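# A closer look at the structure
In case you want the letters, here they are:
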Amino acid sequence: MMNESVNFIMVGRKKRLRRFILVTSFLAVIAFALCCAMLMLGNTIYPVSDVIGVLLGQEVKGASFAVGIIRFPRMVAGVFAGFAFGVAGTVFQTMLRNPLANPNVIGITAGSSAAAVFCIIVLQASNTIISIASVVGGLATVLIIFLLSKGTSFSIGRLILIGIGIQAMLNAVISYLLLIGQQHDIPTAMRWLSGSLNGAKMESLYPLIITVLIFAPVIFALGKRLDLLELGEQAATSLGIHTDKTRLALIISSVLIIALATATTGPIAFVAFLSGPIAKRLVGVGFSSLIPAGLIGIILVLASDLIGQFAFVARYPVGVITGILGAPYLIYLLIRMNRKGDL
Amino acid sequence: MKPTHSFQAKEITAGYDNNSILHDVSISIPSNKISIIIGANGCGKSTLLKTMARLIKPTSGQVTLGDNPINKIPSKQFARVVGLLPQSPIVPEGITVADLVGRGRFPHQSFLKGWTKKDYEAVAEAMEIMKITEFADRNIDELSGGQRQRVWIAMALAQQTDILFLDEPTTYLDITYQIEILDLLTDLNRKYGTTIVMVLHDINLSARYADHIFALHKGKLVAEGEPSKVITSKLIHDIFGLHCTVVTDPVSGSPSVIPIGRYHNKLRMYS
C-alpha cells in the first residue's frame, strides 16, 4: 500500500517535472532563435554563416559593422534586460502573492527613471552616476512603499495602491523635469520614459551583464524559499525560513538587476508584469518558475523589438510594443481581481 | 515512537507591538500527548502557540527545547522538531496537492537538490495518514474545505516533526469534518507518539480529545491538567463568564459542558 502510493506520487511529480523541463527547454530554444533573428535581420539580411563568422571574430565585409557593432549589442541588451525584468518581476509577484505587485505597476521602475532623469537634466551627471542614481532611486522607492504601507497592519492591497500612487507622483516629477530641461538633454532623458534597445553599445552593457550574472544566481538559490514565502509568514517561518532576511535578500537582488536593466534600456513596459504569469501558466507551480520567467522576459523583449523594427512602416521602440501587449492584460487582471474581491 | 522532548515556556510575556497579551505564563508541554489550549477570544491562546513555535519573540521569559533556548537553535533544525499549522495558511494558485504537501519537506532538503526517496516516502506517508493520496495530482482549488484542511495537516506531517502545533485546525469545518480531523490527529498521536498541541474553540471536543488541557484567561494560565479534573462549571464560568452545568459525555466519559442561558432553563439553575 505504502509503496504503491509512493509510486503514484512519484509518477505524478515526475510527469510535472518532465513538463517543466520540456517547456523550459522549448522557451530556451525560442529565445535562442530570436537571438539569431536579431543578428541576421536588419536593412541587410545576413546568412547564418556570416553571422557566425562575425561572432568568431572574422572580418566579414559589411556584416562586421552591422552585426558586430549594431545588432550584437542590441541583442545582448535585450537578452539581459528581458531576463532581469522577467526574473525580478516574478520575485515581487510571488513574494507579495499578487500579480499586480510588480516593479512596473508599483513604481519601482518609475523610481529608477525619475532619479536618472533628475541626474541628466538637473545635475548633468555622467553615465556612471546616472546608473548609480537609478539603482538608488529604485531601492528608495521600495523602501518608501514598504514604510508607508506598514501602518498598523501590513496589507498587500494597501502596498499596491500606495505603489500606484507613488508611480503617478514619480511620473509627474519626470514630466516636470522634461519641461524645465534643456533641449539637448531631452533625447537622453526620453530614453528613460519608454524602453528602447536603440543605440545599445557593448561598453555600456557591462554593468548590467555583471549585475545579472552575480545576482540572478542569488535569486535562483533563494527560489525554493521564495515559493515557501508564498504560503504566508507563519507557514514559511514554521518551515524554518528567516522570512525577513530572505525577503530582504530577494528585494535587494531584484531591485539591483531591475534598476540596472532600466538604466540600460529604459523601463520596457510590462515585461516584468507579464513574464511571471505567463511562465506560471506554462510550467505550473510545482517548480520554481524563475528561470522560465526570465526566458519569457527575453522572448517578450526580443520579439517585441523585432516587431517594432520590421512589422510597421515606421520603426517603434520595443517599449511601445510591449506596452500594447501588456495594457490589455492589466485591464483583464483588474477586472478579474475586482470580481473576486482581491483588491 | 517519536522521542521525548522537554519543551517549556518559562515566565513568558508576549504580544504584538508592545501590547502584551500573555503575562508571565509558564507551561511544560507533556511529551507524546495531545494538549489543547482553551480560553475565550483574545485570551492569548494563539499567542502562546505562536510564541512556542517561535513565530513571535517573547518580550520577557524564555522558551526552551531540551536544554536550549529556542532562539539559539538553527531555524531549519528547529523546523525538523517542531511544526506549526497556522490558522489561515495561503494556498498558492494552481498548486497540486502532492506539491503542496512536498513543501513541508523543506527543512529536510539540502540546497538546490530535488526530491529524494526519503522525501517521496514522507509525502506518501503523510498523505496516507490524512487519507488524501487519491488527490495527489489534483489541483488544490478543486477540493472541499475539509479536504483542504487535511492537505495542510499532511504538509505539516511531511515535515516529520516530533511536536506539532495546530492553530484552530477545525474552524470553519462542518461537525463531521471536525471529528474526522480530530480522529486523524489522535491516530497520529497514538500510532507515532507525535506530541500535539492545539488551540480549539469547542470545549466539549477539547475535553474529549485532550490528554491535557491548558486553560487561559486574560493572558494567564488559570488551570491545567486532565480534562476530567480541569473542566468544571466554576472554571468555565471563570474563563468564559458563562453559567453552565458539567455532565459526563455518554460516549467518551469525558466532561461535557451544557451552557445555561436565560431561556429554556427547566432546572431553574442560576435564574
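One can find the structure itself at the top, above this paragraph.
Criteria and cut-off values
Residues numbered from 1 in each chain as written. Chains lettered and ligands numbered in written order. Predicted model: local features only at pLDDT ≥ 70, side-chain atom pairs only at ≥ 80, totals over all residues. Helix = DSSP H or I, 4+ residues; strand = E, 2+ residues; numbered from the N terminus. Buried ≥ 20, exposed ≤ 12 C-beta atoms within 10 Å, placed from the backbone. Contact = placed C-beta atoms within 7 Å. Rg over C-alpha atoms; globule rule 2.2 N^0.38 Å. Nonpolar A, V, L, I, M, F, W, Y, C, P; charged D, E, K, R; others polar. Core = buried A, V, L, I, M, F, W, Y, C linked by C-beta atoms within 7 Å. Pairing = 2+ DSSP bridges. Axes fitted to C-alpha atoms, helices over the stretch in contact; angles between N-to-C directions. Expected span 1.5 Å × (residues − 1). Bend = angle between axes of the 7 residues up to and from the residue.

The next subject is the overall build of chain B. The number of helices and strands found in chain B is nine helices and twelve strands. Overall, the C-alpha framework of chain B stretches about 65 × 40 × 35 Å when taken along its three principal axes. Evaluated residue by residue, chain B yields a buried proportion of 46% over its 271 residues. Relative to all contacts within chain B whose residues are 6 or more apart in sequence, the contacts with residues 24 or more apart total 64%.

This part is about the overall build of chain A. In terms of regular secondary structure, chain A is built from 14 helices and zero strands. If you list the helices and strands of chain A from N to C, you get α-α-α-α-α-α-α-α-α-α-α-α-α-α. The C-alpha atoms of chain A give 21 Å as radius of gyration, which agrees with the globular expectation for 343 residues (20 Å, within 12%). A principal-axis box enclosing the C-alpha atoms of chain A has dimensions of 70 × 50 × 35 Å. A burial count over chain A gives 50% of its 343 residues as buried. The contacts in chain A between residues at least 6 apart in sequence include a share of 76% that link residues at least 24 apart.

Turning our attention to the environment of H243 of chain B. All names here are of chain B. Tracing the sequence through the fold places H243 in the loop between α9 (233–240) and β11 (244–248). With 16 C-beta atoms counted inside 10 Å, the residue H243 sits in the partly exposed group. Spatially, the C-alpha atoms of H243 and Y177 are 29 Å apart, while their sequence positions differ by 66 residues.

Right, let's talk about the interface of chain A and chain B for a bit. With 27 residues of chain A at the contact, the number on the chain B side is 34 residues. For the side of chain A that touches chain B, the secondary-structure elements that each account for two or more residues are α1 (2–40), α9 (223–229) and α10 (233–238) of chain A. When residues in the side of chain A that touches chain B are grouped by element, the largest group, eight residues, is from α1 of chain A. Its residues placed into classes, the side of chain A that touches chain B shows twelve nonpolar, ten polar and five charged.

Let's shift gears to the nonpolar core. When a protein is soluble and globular, its nonpolar side chains tend to lie buried together. Of all hydrophobic cores here, the largest spans 186 residues; its most connected members are A84 and I257 of chain A together with V101 and A154 of chain B. If one sorts the elements of this core by residue count, helix α3 (residues 63–95) of chain A sits on top with 14 residues. Ignoring sequence-local partners within four residues, the contact set of A84 of chain A consists of V212, I257, I258, L260 and A261 of chain A.

Let us look at the sheet that holds strand β9 (residues 212–217) of chain B. Residue and element names in this part refer to chain B. On the basis of which strands lie adjacent, the open sheet formed by six strands has the order β6-β7-β8-β3-β9-β10 and mixed pairing. For this open sheet the edge positions go to β6 (82–85) and β10 (220–225), each flanked by a neighbour on one side alone. For this sheet the average axis-to-axis angle between neighbouring strands, irrespective of direction, equals 15 degrees.

Residues and elements named next belong to chain B. In this model, Q160 sits at a positive phi of 50 degrees, which is unusual for a non-glycine residue. Positionally, Q160 belongs in the loop between α5 (145–158) and β7 (163–167). Taking the number of C-beta atoms within 10 Å as the measure of exposure, Q160 has 22 and is therefore buried.

So, on to α3 of chain A. Residue and element names in this part refer to chain A. The end-to-end C-alpha distance of α3 is 45 Å, a good match for the 48 Å that 33 residues give at a rise of 1.5 Å each. The sharpest bend along α3 comes to roughly 40 degrees, located at R71, with the proline P73 sitting one to four residues further on. Within two residues after α3, R97 carries a phi angle of roughly 55 degrees, on the positive side.

Before going further, it helps to examine the environment of T141 of chain A. Residues and elements named next belong to chain A. Mapping T141 onto the fold places it in helix α5 (residues 127–150). Since 26 C-beta atoms lie within 10 Å of it, T141 is described here as buried. Considering only alpha carbons, one finds T141 and R247, 106 residues apart in sequence, at a separation of 16 Å. Leave out the neighbours within four places in its chain, and T141 touches G107, I108, G111 and I166.

Moving on to the sheet that holds strand β4 (residues 60–65) of chain B. Residue and element names in this part refer to chain B. Strand order in the open sheet formed by four strands is β2-β1-β4-β5, with antiparallel pairing between adjacent strands. Taken across any chain shown, the strands that pair with only one partner, and hence form the sheet edges, are β2 (19–29) and β5 (68–69). Along the sheet face, helix α1 (residues 45–52) touches β1 (7–16), β2 and β4 and points at about 120 degrees away from the line of β1.

Once that is clear, we can look at the pairing of strand β3 (residues 34–38) of chain B. Residues and elements named next belong to chain B. Within β3, five of the five residues are buried, which leaves it mostly tucked inside the rest of the structure. By the alternation rule, side chains of β3 split into I34, I36 and I38 and S35 and I37, which are all buried. Pairing analysis gives four bridges linking β3 to strand β8 (residues 195–199), with the strands arranged parallel. Each bridged residue has a counterpart across the sheet, and for I36 the counterpart in β8 is M198. The pairing of β3 with β9 spans four bridges and is classified as parallel. Residue pairing in the sheet places I37 in a bridge with F214 of β9.

By themselves these figures say nothing about function.
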